[in-house]
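Topology and contacts: notes
The lines below spell out each chain.
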Amino acid sequence: MRKERLIVPLVVGLALLWGIAQYLSGVLFERELARALDDLAARGELAVKRSDVDRGWLESRGTLHLTPRFGQAWHLELPFVARHGVISTRIDGELRLHLGPGDRRLFGDALPSPPPTWQARYRTLGATLEGHLTLAPFIVSQKGGEQAGRELDFQGGRITFGGVYGDWRLQARLAPWRLSDGPATLEAGPTTLESRYAYTEGAYHFTQQDLLKVERLAWHQPDLELDAHELVLHSRTVLDEQELRVESELTLDRLVTAEQVLLTGRIALELSRINADALRSVLAMLRDEAARGDAALEGRDLLARLEPQLLAMLQDSPRLDLHAIALDSPMLGLDARGDGALFFDSRQFAELSLVALDEPHEQARWRARLYGDLIWHQVPKVVALWLGLPLDTQDLEIDVVRGRVRINGRPLPPVLERLQ
């Protein structure tokens with residue numbers, strides 16, 4: 001009898017513990033989802049919201065909406081169902097991409113393919129999320145009208161994502177795809193993208209690193225064939241207390257035409273000294289404007305409202321560094337080795353105008369604030385001859401003063417002077 005009396009309280013206690021754990025699992029999932037969405041919106045590029053919210057004890061539902069801050073180029077919907085367990089939550093959803101102001105569906109209208117589905121699992125104890133998205137192969141052909149003969153052959157791909165709050169990773173692997181238009185074709189792939197985004201709350205500070213690799217990119221038409229192999233783009237974006245910095249490096253293994261190597265090499269550059277506080281002010285204003293509705297985000301009125309903060313981003317004299325230029329053209333017998341920097345004079349930056357930047361007079365005022373220098377080491381003789389320099393010229397020194405370019409102390413040749 002004593003054991004029987006203990007069974008009932010034990011079962012009730014276990015059931016109570018299970019119920020509490022189940023409830024906490026749902027609460028923690030919703031909390032982390034809200035934090036992640038808030039920080040994504042704080043990044044500034046996207047407007048983020050959630051609709052059709054249903055926060056249940058065993059199950060949650062909703063639709064995430066991602067749209068660009070400006071314009072109506074696209075709209076991404078992510079409907080999902082989250083089934084809460086004691087130690088983890090399973091999420092199943094779809095990816096619905098709408099294009100243009102007409103809200104045309106990419107999958108279903110533009111492409112003969114159902115919306116891709118995605119799955120993820122959120123682990124309550126470690127607060128980690130792991131998921132994946134599979135893109136099915138499809139072929140789109142135009143058989144009539146002005147675009148007759150066009151065809152897109154996509155062979156599918158897979159995207160995986162995961163991480164913890166404040167540190168997310170994404171990896172995409174796309175099979176080769178081909179776009180043909182009569183005798184002309186564009187082929188790309190296989191392609192891989194590896195991305196990591198780490199940030200503090202509200203994206204006040206963040207670091208994003210991206211590595212994009214395209215094994216082959218080819219353009220073929222009857223009178224021209226270009227095949228690029230091993231295109232690699234590495235970029236790193238950092239927002240800290242003082243500035244925004246963007247570092248990029250592009251590497252090309254070889255560009256082939258007529259069975260000869262036309263170009264190979266790498267370019268590394270860095271943009272820095274974008275004032276961090278001014279950038280954060282711009283992002284805050286964009287979020288406020290987005291909350292007022294789409295109509296508030298159109299036209300020159302918005303640019304005029306943002307102009308003081310946008311100009312303030314230049315107050316530390318932004319700098320573009322060309323850390324390395326190393327290009328070779330075996331076909332043409334030319335090579336380029338150089339480095340340099342370009343600066344923007346920010347003194348009295350409030351005198352400038354972004355609203356009037358389409359006017360030639362204002363463009364000239366902006367160009368007059370450019371200073372810099374670039375050195376081309378061991379310049380080929382044919383380039384020196386074309387620029388009117390002595391044939392024994394070793395280095396090409398390019399100076400920019402108030403937007404005017406001089407080469408080895410000489411003005412540009414007339415044919416190039418007209419381009420300034």
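Residues numbered from 1 in each chain as written. Predicted model: local features only at pLDDT ≥ 70, side-chain atom pairs only at ≥ 80, totals over all residues. Heavy atoms only, no water.

If you check an unreviewed UniProt entry, the protein appears there as YdgA family protein from Halomonas gemina.

1. Re the overall build of the protein
Secondary structure summary: the protein contains 6 helices and 25 strands in total. With 420 residues in all, the protein has 39% of them scored as buried. About 24000 Å² of surface is accessible on the protein, with carbon and sulfur atoms providing 59% of the total. (Helix = DSSP H or I, 4+ residues; strand = E, 2+ residues; numbered from the N terminus. Buried < 20%, exposed > 50% of the residue type's maximum accessible area, 1.4 Å probe, protein only. Areas by Shrake-Rupley, 256 points an atom, 1.4 Å probe, with all protein chains shown as cover.)

2. A closer look at helix α3 (residues 300-312)
Spanning 13 residues, α3 covers 18 Å between terminal C-alpha atoms, matching the ideal 18 Å at 1.5 Å per step. By the largest-angle criterion, L306 marks the main kink of α3, which is about 55 degrees, and a proline, P308, follows within four residues. Considered for burial, the residues of α3 that qualify are L302, L306, E307, L311 and A312. (Expected span 1.5 Å × (residues − 1). Bend = angle between axes of the 7 residues up to and from the residue.)

3. Quick notes on the nonpolar core
Counting 29 residues, the largest nonpolar core has F29, F80, I91, L95 and W118 as its most contacted members. Looking at this core, the elements with two or more residues in it are α1 (2-43), β1 (46-55), β2 (59-68), β3 (74-84), β7 (117-123), β8 (128-135) and β9 (138-141). In terms of nonpolar packing, the next biggest core, distinct from the first, is built from 18 residues, L239, A278, V282 and M313 among them. (Core = buried A, V, L, I, M, F, W, Y, C linked by side-chain atoms within 4.5 Å.)

4. Notes on the pattern of salt bridges
Per the stated rule, a full pass over the model turns up 19 salt bridges. With its nearest N and O atoms 3.2 Å apart, the salt bridge here joins R150 to D181. Here R150, found in strand β10 (residues 150-154), pairs with D181, found in strand β13 (residues 177-181); they are 31 residues apart in sequence, far enough to count as distant. Measuring nitrogen to oxygen at the nearest pair gives 2.6 Å for the salt bridge that ties R319 to D321. Judged by relative accessible area, which is 24%, R319 ranks as partly exposed. Taken together, the shared-partner salt bridges in this structure form one network comprising R83, R90 and D92. (Salt bridge = Lys/Arg side-chain N within 4 Å of Asp/Glu carboxyl O.)

5. Regarding a negative patch on the surface
Taken together, D339, D373, D395 and E397 make up a surface patch of like negative charges. By secondary structure assignment, the location of D373 is in strand β22 (residues 370-377). (Patch = residues over 30% accessible without salt bridge, like charges linked within 9 Å, V, L, I, M, F, W, Y side chains within 5 Å. Lys, Arg positive; Asp, Glu negative; His and termini not counted. Charge placed at Lys NZ, Arg CZ, Asp CG, Glu CD.)

6. Re unusual backbone geometry
Each neighbour pair has its own omega, and for G189 with P190 the value is 0 degrees, a cis peptide bond. Along the chain, P190 turns up in the loop between β14 (184-188) and β15 (191-199). Residue A258 is not a glycine yet carries a positive backbone phi of 50 degrees. Considering the arrangement of structural elements, one finds A258 in the loop between β18 (243-257) and β19 (260-275). Not every positive phi belongs to a glycine, and Q378 is a case in point at roughly 50 degrees. If you trace the backbone, Q378 turns up in the loop between β22 and α5 (381-386). Judged by its relative accessible area of 51%, Q378 falls in the exposed class.

7. Things to note about the side chain of T89
As for its position among the elements, T89 is in strand β4 (residues 88-94). Take T89: its relative accessible area is 0%, and that puts it in the buried class. Within polar-contact distance, the side chain of T89 engages the side chain of H84 at 3.1 Å. (Polar contact = N/O pair within 3.5 Å; in protein donor to acceptor, adjacent residues only side chain to side chain.)

8. Points about the pairing of β7
Both β4 and β7 contribute to a ladder of 7 bridges, which runs antiparallel. Looking at β7, one finds that G93 is bridged to W118. Where β7 and β8 come together, 6 bridges link them in antiparallel fashion. The residue of β8 that forms the bridge with Q119 is H132. (Pairing = 2+ DSSP bridges.)

9. Quick notes on the packing of aromatic side chains
Each aromatic ring pair is described using two quantities: the centre-to-centre distance and the angle formed by the ring planes. The full count for this structure, using the stated rule, is 6 aromatic pairs. Taken together, the ring pairs connect Y165, Y197, Y199 and F206 into an aromatic cluster. The ring of Y165 carries R35 above its face, with NZ or CZ at 3.5 Å from the centroid. (Phe/Tyr/Trp six-rings, centres within 6.5 Å; stacked < 30°, edge-to-face > 60°. Lys NZ or Arg CZ within 6 Å of the ring centre and 35° of its normal.)

10. Observations regarding the pairing of β9
Every other side chain in a regular strand lies on the same face of the sheet, so the side chains alternate between the two faces. Side chains of β9 alternate between two faces, with F138 and V140 buried and I139 and S141 left unburied. Pairing between β9 and β10: 4 bridges, direction antiparallel. Looking at β10, one finds that V140 is bridged to L152.

11. A short note on the environment of E351
Mapped onto the fold, E351 is located in the loop between β21 (334-344) and α4 (360-367). On the basis of relative accessible area, E351 is assigned to the partly exposed category, the value being 42%. Look past the residues within four positions of E351 in its chain and what remains in contact with it is R365 and R369. (Contact = heavy atoms within 4.5 Å.)

12. Topic: the side chain of H98
Of note, H98 is situated in strand β5 (residues 96-99). Apart from residues no more than four positions distant in its own chain, H98 is found in contact with A73, W74, H75, E77, D103, R104 and R105.

13. What to know about a nonpolar patch on the surface
Residues V86, I87 and L125 make up a contiguous nonpolar surface patch of roughly 330 Å² in combined accessible area. Looking at the element boundaries, V86 is found in the loop between β3 and β4.

14. Some words on the environment of V400
Its location among the elements puts V400 in strand β23 (residues 396-401). A sequence separation of 28 residues divides V400 from G372, and the C-alpha atoms of the two residues are 4.9 Å apart. Not counting residues up to four positions away in its chain, the partners in contact with V400 are L342, L370, Y371, G372 and V405.

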